[in-house]
Amino acid sequence: MQKLVVIGAGMASGRLLEQLFAANPDAYDVTLFNAEPRGNYNRLMLSPVLSGEKSFAEIITHDEDWYAAHKVNCRFGEAIVKIDRDRKVVVGAKGEVPYDKLVIATGSAPFIIPVPGRDLPGVVTFRDLDDVEKMRGACGQGKSAVVIGGGLLGLEAAAGLRLQGMDVTVIHLAGHLMERQLDPAAGYLLGRAMEARGIRVHTQGSTKAILGHARCEAVLLADETTYPADLVVLAVGIRPEVRLANDCGLEVARGIVVDDAMHTSDPDVFALGECVEHRKTCYGLVAPLYDMAKVLAKTLLGEAGAYEGSEVSTKLKVTGVDLFSAGDFADKEGREDIVFRDPGRGVYKRLVLEGDRLIGAVLYGDTADGAWFFSLIKDATDVSEMRETLIFGPAYQGGAKADPMAAVAALPPEAEICGCNGVCKGRIVEAIEGGATTLDQVRAETKASSSCGTCTGLVEQVMALTLGDGFKMPTAQPMCKCTDLTHEDVRRLIKSQGLKSIPAVTQELAWKTPNGCHSCRPALNFYLLAEWPLDYRDDRQSRFVNERNHANIQKDGTYSVVPRMWGGVTTPAELRAIADAAEKYDVPMVKVTGGQRIDLLGVKKEDLPAMWADLNAAGLVSGHAYSKGLRTVKTCVGSQFCRFGTQDSTGLGIKLEQLLWGSWTPHKVKLGVSGCPRNCAEATCKDVGVICVDSGYQISVAGAAGMEVKETEALAAAPTEEEVLEITAAFVQLYRETAKYLDRPYKWVAKVGLDWVKAQVVDDLESRKALAARFEISQSVYRKDPWAEHAAADERPRWAPLADLTLEAAE
Amino acid sequence: MMDAALDAVIDGAKLTFVEVSEVWVPKEGRLVLAEGDYGRHTDFAKASGTESFAPGEGLPGKVWAEARPVVLKSFEGSYFKRTEAAKAAGLTSAVAIPVFAGAELKAVLTILCADGDGRVGAVELWKDSDGLLMLDDGYYGAAKHFEWVSQHTHFPRGQGLPGGVAASKTPILMRDLGAGYRFIRADSAGKAGLTTGLGMPVPVPGGTSYVLTLLSARGTPLAHRFEIWDARAEKVGRDGGAVLVDGICAREGALWNDQTERRVLPWQGYVGRALATGVPQVDGSGAAGIAGGYTSIVVLPIHSDGAVSHVVAWYI
Amino acid sequence: MSWIDIGTLDDIPPLGARVLKTPLGCVAVFRAEGDRLFAISDRCPHKGGPLSEGIVHGDKVTCPLHNWVFSLETGEAQGADVGRVETFAVKAEGGRILFDGARLAQRDAA
């Protein structure tokens, strides 16, 4: 264990120690010196403590327990006499401490204006809690205070003293307050806000002397004005506190000079915070100090780290005044200002651009977009496209957003939220009030959102309504409990890391479980087969029972068998084969489906292969009525027979079905082809719908007719059948490659935007052809009858029980 | 001095000053009870459930008709309708706060207090008169030093809690009221005087500005948890919602955070509901949505320029 | 303890199951990760779903009808669901699967 001595318990050193102990608690034995008789606290919040709006206890960042837990030797209230770099010893007022590494974090010292009277009792600066206590001691009704300096700190001091009952005057050298950030018009607004608080503002005031005998009594300005002053606060600026560093011979310019790893000119001595100068810059705000602390913690642990400077932002902490500034707003060549003023509302906004980048922002009176502008500055975003509307903020594009939760709030308790499980709003609220505070708990308790998942968003809204901001609306949902990655993350990583099997995924992506769960395994199986159609072997054991057994499981454990009926067209031979199978295997119900085919319901698992073989013999193949893949292509009669038919809709429907059948997709896909705009095939509520017209075919997509009903949106007009087939294949392939597993096409299009889909599938011919080609590659593997595969004689035993021990018993 | 200020505001162990909170809403020309938290005062609850008030009638009706908040210091012989029931419950004073959105009355929030048991607190009503906040009325419970009160009758804008609230037009929770408030003494509360206070603007039609302050002494907190939310578009943007700007809790400590922002959307929880409806919310059932695990919550929305600008919540 | 030979390990797909008909009802025999064998009743206590058709993960299986999850080891339903399926002894020896004969010998008349 090495010895680390830290001089200064300000915000930078507090953060440094946190980072250091978090990374390696046993690397250093730490001694922490502080001239103030107390530990680390949030110095930025001293202004509200002065005003009485916060208590000191609330702003302490590290308390006795924290120091004890991390075994920090605290030497608070002890000044440093000197640093002896030869002996590697720090000499404190109460004794010396040897060091292996030393960190100087002495912060800043306030400028003291060189006027007569500056040393009188009653003249204070505003750096620490002791200053605040002195100021509060002077407060009393009828007492006067003069604050010299109308920048952020001076104004905060003035407002605080005013709230505590003093008569306050602010003296400011420049023509208007906060002249570095604000132009005269905005400075005027700010001055008015101060005056509304009864604070007198004297601009263009230069202090000549502080008058008084035993203590300060008044302040005299160069223009002969005097203001009575029982208290004088000097808030004219700060400079790095470098005395100790200077005395021990370290390189010091304006601040203690450090490199990117926070080394000083001595290899065992480091510095951070307001006392340093890095790449010729000194910082007086907190974010850079945190960035420096992160780097220094790494350096102290022998790891590489580089501090590269920071973007800074500040707020004025005067209750009722909204002011936000960020970045660099100095007037320089090559910079451009965009200013917005609304004097009626007291709003002023100024943006400083250099080239195509935002480098500074000042917002007065309306700071709602502050964080957005700051991120544009930090990310150095190219704002050339947004120049015209930049000043209006991120919300400029939309109108007022509809109140998202009002509809759910208005639902009565009996309203059904989860259709699959019949759970109403009242039941969900009851579960929440009974203690279920996470979605998983509500699911487990009520079953809501535990089946198809469509109502999950609604359940989350009911939770937000009931729990308030105690419930965090999830933003990026992880795939399942096995990982923190989202579906999109995993898809991308499968591609970029070339992961070609489920074990590769669970291994490389650090799954929390050995082989996933019933949620992620089917999703992974799909993503893998979509990404690597030729290399990946489909994993049956990662499929739901329906897809594994190629038949729909019913509630009693029997299955439904649906042979394909291409485009809804059949033949007498096919019908006979279906009827024969129904009789041979004692099928309890034969039913016509909405997808224009016939369903044999109630088939026993062990009979499936034999039934399939019989159906195959008549030329019938699997209808994939159970798959996340192509289900059906509904057709109406069309020009073959119908007097209104403009094209051969039936023929086209059959061609489409033959193109797409067998493919696996993120969720089921259903098509419809209508022979004329009368739309007898109901094509306009399908995933892909085609309406035949005289000039050709109108393709539209993203419809829905299940739990949600939605009309399709126009995608393209195609003159030939070939083009319809190509566009449809491209659309389906794009869907397969980019959608989230279990998102129907309408959900996917809503997420990615129809315009983008159009661009890839319709407008960009090369992209369309490439997508259709990739679809064909995938189909070369999957466009085949699964029944035929599993009906083979040697496979049949696998569909029956492993053994029948009831026979033994009969013996 | 300052370290103990936090205890004074929110000491979780002690009984609080406020005993009963009610929300009265206008319905067919009368004020009817929408919500009420009566704590252990079940008889008073029963007596109140069937009440309703015409404009001018009783305390809520008076506040409606006169379009101003009212502090009622003694029920006996006054226009208060439920005097007998209040006496039986040990309730001694009341404040009625009208919630106006422009000229429309959305609700009246009534707060009933009990003193005794060593509880010391004050409720003050201030009126803005040409930039000077004048004490319109005040209830000081067990404190009996009226000389102080006669000194303490006005604050210029920006000065003291009432002046600060009037100047900034926002609620303020002061942990340490400062020297000006120290002079009030109560025989049973020791030498601490009144140290902490919650100040709120009470907008009413007609241009007069009122500020309501609820003050407490060390050891007798107003409530166990406070939250102040800012809902102005200049702060939260056009998407609505409100951001927590200040708050402390006896259990969770400081709720404000200068690094991360806490936000609610309209309708989200009690604060969201007050934000969306513009009507105060009161719940004494200890439901899961009441933060901090407390039994009761009172949420007061404050309107300005046609929208809810701030929301104040306190929990018992 | 008596054991009945019911088939080979390869008769059961990895991370899959086969059904065993017994006088005590249908039993699902699972081959979990690492060729670990488990046997539980094939009938979900919720609505009778065939657990042998569920997805196997870790040492658990999810019922294909309504997603109840069961521990293959203890037969206990997981999470907030309450229920239990019977478990049976099963082991592999020399590539053959041996099932709990003693259990069948105790057959009750039910």
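Residues numbered from 1 in each chain as written. Chains lettered and ligands numbered in written order. Predicted model: local features only at pLDDT ≥ 70, side-chain atom pairs only at ≥ 80, totals over all residues.

A word on the overall build of chain C
- From N to C terminus, chain C includes one helix and ten strands.
- The order of α-helices and β-strands along chain C, N terminus first, is β-β-β-β-β-β-β-β-β-β-α.
- Taking as baseline every contact in chain C between residues at least 6 positions apart, the subset at least 24 positions apart corresponds to 40%. (Helix = DSSP H or I, 4+ residues; strand = E, 2+ residues; numbered from the N terminus. Contact = placed C-beta atoms within 7 Å.)

Focus: the overall build of chain A
- Scanning chain A from terminus to terminus reveals 27 helices and 39 strands.
- Here chain A holds 811 residues, and the buried ones make up 46% of them.
- Once local pairs closer than 6 in sequence are excluded, the contacts in chain A between residues at least 24 apart make up 62%. (Buried ≥ 20, exposed ≤ 12 C-beta atoms within 10 Å, placed from the backbone.)

Let's talk about the interface of chain A and chain B
- On the side of chain B, 49 residues touch chain A, which itself brings 48 residues to the contact.
- Of all the secondary-structure elements, those providing two or more residues to the side of chain A that touches chain B are helix 3 (56–59), helix 6 (152–163), helix 11 (406–410), helix 12 (425–433) and helix 14 (456–467) of chain A.
- Examining the composition of the side of chain A that touches chain B, we find that four residues originate from one element, helix 14 of chain A, more than from any other.
- When its residues are assigned to classes, the side of chain A that touches chain B shows 20 nonpolar, 16 polar and twelve charged. (Nonpolar A, V, L, I, M, F, W, Y, C, P; charged D, E, K, R; others polar.)

Things to note about the interface of chain C and chain A
- With 32 residues of chain C at the contact, the number on the chain A side is 24 residues.
- Counting only elements with at least two residues in the side of chain C that touches chain A, the list comes to strand 1 (3–8), strand 2 (16–22) and strand 5 (55–57) of chain C.
- Per-element tally for the side of chain C that touches chain A: the top contributor is strand 2 of chain C, with six residues.
- Of the residues belonging to the side of chain C that touches chain A, the class tally is 16 nonpolar, nine polar and seven charged.
- Where strand 39 (residues 803–804) of chain A lies against strand 2 of chain C, two bridges are found, and the strand directions are parallel. Following the sheet pairing, A:A803 is matched in strand 2 of chain C by C:L20. (Pairing = 2+ DSSP bridges.)

A word on the nonpolar core
- Counting 113 residues, the largest nonpolar core has B:V271 and B:V311 as its most contacted members.
- In this structure, B:V271 is in contact with A:G468, B:W229, B:A242, B:V264, B:V299, B:V311 and B:A313, ignoring residues within four places of it in sequence.
- Core analysis: the second largest hydrophobic core is formed by 69 residues, A:I148, A:L153, A:L234 and A:F373 among them. (Core = buried A, V, L, I, M, F, W, Y, C linked by C-beta atoms within 7 Å.)

Considerations on the packing of helix 21 (residues 649–660) of chain A against helix 22 (residues 721–738) of chain A
Residues and elements named next belong to chain A.
- Their axes nearest at 11 Å, the elements helix 21 and helix 22 cross at an angle of 35°. In this structure, helix 21 crosses over helix 22, and the sense of that crossing is right-handed. Residues L652, K655, L656, L659 and L660 of helix 21 form the contact with helix 22, whose participating residues are E721, V724, L725, T728, A729 and V732.
- Within the contact of helix 21 with helix 22, the residues separate by chemical class into eight nonpolar, one polar and two charged. (Axes fitted to C-alpha atoms, helices over the stretch in contact; angles between N-to-C directions. Left-handed = near helix turned anticlockwise from the far one by under 90°.)

Examining the packing of helix 1 (residues 11–23) of chain A against helix 9 (residues 286–300) of chain A
Residues and elements named next belong to chain A.
- Relative orientation of the contacting elements helix 1 and helix 9 amounts to 35°, with a least axis distance of 8 Å. The chirality of how helix 1 crosses helix 9 is right-handed. The residues of helix 9 that touch helix 1, namely those facing M11, A12, R15, L16, Q19, L20 and A23, are V286, L289, Y290, M292, A293, K294, L296, A297 and L300.

Some details on the environment of A:I377
Residue and element names in this part refer to chain A.
- By the secondary structure assignment, I377 is in helix 10 (residues 370–379).
- You can call I377 buried: it has 23 C-beta atoms within 10 Å.
- Sequence separation of I377 and L358 is 19 residues, and the distance between their C-alpha atoms is 5.3 Å.

Focus on helix 6 of chain A
Residue and element names in this part refer to chain A.
- The end-to-end C-alpha distance of helix 6, which contains twelve residues, comes to 17 Å, matching closely the 16 Å that a straight helix rising 1.5 Å per residue would cover.
- Counting buried residues in helix 6 gives twelve out of twelve residues, a clear majority hidden from the surface.
- Those residues of helix 6 lying buried are L152, L153, G154, L155, E156, A157, A158, A159, G160, L161, R162 and L163.
- Backbone geometry just downstream of helix 6 places G165 in the positive-phi region, at approximately 105°. (Expected span 1.5 Å × (residues − 1).)

Some words on the confidence of the model for chain C
- On average, chain C scores 90 in pLDDT, and the residues at 70 or more come to 96%.
- This complex was scored by the predictor with a pTM of 0.68 and an ipTM of 0.89. (pLDDT = per-residue confidence, 0-100.)

Structural notes on the sheet that holds strand 13 (residues 207–212) of chain A
Residues and elements named next belong to chain A.
- Taken together, the three strands give an open sheet; going across it, the order is 13-14-15, and neighbouring strands pair in antiparallel fashion. The two strands at the open ends of the sheet, each matched to only one other strand, are strand 13 and strand 15 (226–228). Each strand axis lies, on average, 20° off the axis of its neighbour in the sheet, ignoring direction.
- Summarising the sheet, strand 13 and strand 14 (residues 216–221) pair through five bridges and their orientation is antiparallel. Paired with G212 across the strands is C216, a residue of strand 14.

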